[in-house]
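Residue-level listing of the chains:
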Amino acid sequence: WWYLAHWFEFFAPWGVLLIPAAVMALRRGVVTPPLVRFSWVWLAVVFILLSATVNKQMQYALLFSPPLAIIVSHYLCAAQGSFLRVNRGLFAIFVSAVIAAAIVALTKSPDAARTMLWLLPPLALLTLHRLLRADTVSAPVLLVAALTATAFVYAEAHSSNEPRKFAAQTLLAQAAVYSPLYQLRTGLNDGALSFYAGRVLPPLDAQEIGRALEHNGEIWLIGETLPELAGVAARVVSRVDNLTLYHLQRQP
């Protein structure tokens, strides 16, 4: 049930609309197009298959996105009566929460104002929508999308609680001028440092470090704890949190 537990987190704030969309689809007298009915089956099949797999990862949840987009977009366009009132209530709650969060962010960080400049293009489009009297669904949907994207940009820049991510970004910015640059082999997250470096950082274990030094004479290495290496002089170049950038040379 891992994907169900993280559903609202992965697809916030749109995932909450799946509940009233399901109620509307089950209501007698409500015509559900074949494509939307197929999307519900699609969503269920993906959920069952992913829940049955042992490995649970956030990126796999992207497989839910196409049917979710079809279901939610149909619901937003077809909602009438009580469902329309639910949508308006959720919209009011969302906007109020965003305003409160923006006030808190502005009092805590002066950089928040710069992040909120991302809202200017969609707000300009919203004004144009209103002037042209476009479809009433498109304006609030665009506003929610813009507010969500702005909140994500701000959180990535100022509210990340991932010390390893910050350490990797900081160290790899310093290590950009060093070559050849490697990473200590971990077996699980060997690709993470390469992602932040923007280039492949080959992983090395203790034996491979010796061979790399025989070939290059000196190397730079990023990792947590350097293993004992005979005949190797190791110097700490920089350390951030639990990650360290080492300069290794063969001893004469």
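Calculation rules
- Residues numbered from 1 in each chain as written.
- Predicted model: local features only at pLDDT ≥ 70, side-chain atom pairs only at ≥ 80, totals over all residues.
- Heavy atoms only, no water.
- Phe/Tyr/Trp six-rings, centres within 6.5 Å; stacked < 30°, edge-to-face > 60°.
- Helix = DSSP H or I, 4+ residues; strand = E, 2+ residues; numbered from the N terminus.
- Buried < 20%, exposed > 50% of the residue type's maximum accessible area, 1.4 Å probe, protein only.
- Core = buried A, V, L, I, M, F, W, Y, C linked by side-chain atoms within 4.5 Å.
- Contact = heavy atoms within 4.5 Å.

Visitor: Could you clarify how one ought to interpret the packing of aromatic side chains in this entry?
Guide: The description of two aromatic rings rests on the distance between their centres and on the angle between their planes. As enumerated under the stated definition, the model contains seven aromatic pairs in all. Ring centres of Trp7 and Phe64 lie 5.3 Å apart, and the angle between their planes is 75 degrees; on these two criteria the pair is classed as edge-to-face. Note that Trp7 is positioned in helix H2 (residues 7–11) and Phe64 in the loop between helix H4 (34–52) and helix H5 (65–78), a separation of 57 residues in sequence. Overall, Phe64 belongs to the buried group, its relative accessible area being 1%. Ring geometry for Tyr178 and Trp220: centres 4.9 Å apart, planes at 10 degrees, overall stacked. You can see Tyr178 sitting in the loop between helix H10 (163–174) and strand S1 (181–184) and its partner Trp220 sitting in strand S3 (residues 218–223), a full 42 residues away along the chain. Judged by its relative accessible area of 24%, Tyr178 falls in the partly exposed class. Residue class for Trp220 comes out buried when judged on its relative accessible area of 10%. Aromatic ring contacts, followed pair by pair, group Trp7, Phe11 and Phe64 into a single cluster.

Visitor: Help me understand the nonpolar core in this model?
Guide: Soluble globular proteins tend to bury their nonpolar side chains together. Ranked by internal contacts, the top residues of the largest apolar core, which has 21 residues, are Trp7, Phe11, Phe64 and Tyr75. Once you skip the residues sitting within four places of it in the chain, Phe64 turns out to touch Tyr3, Trp7, Phe11, Leu43, Val46, Phe47 and Leu50.

Visitor: Whenever I open this one, the side chain of Thr32 confuses me. Can you help?
Guide: Locating Thr32 in the fold gives a position in the loop between helix H3 (18–26) and H4. Under the relative-accessibility criterion, Thr32 is labelled buried at 11%. Look past the residues within four positions of Thr32 in its chain and what remains in contact with it is Ala25 and Arg37.

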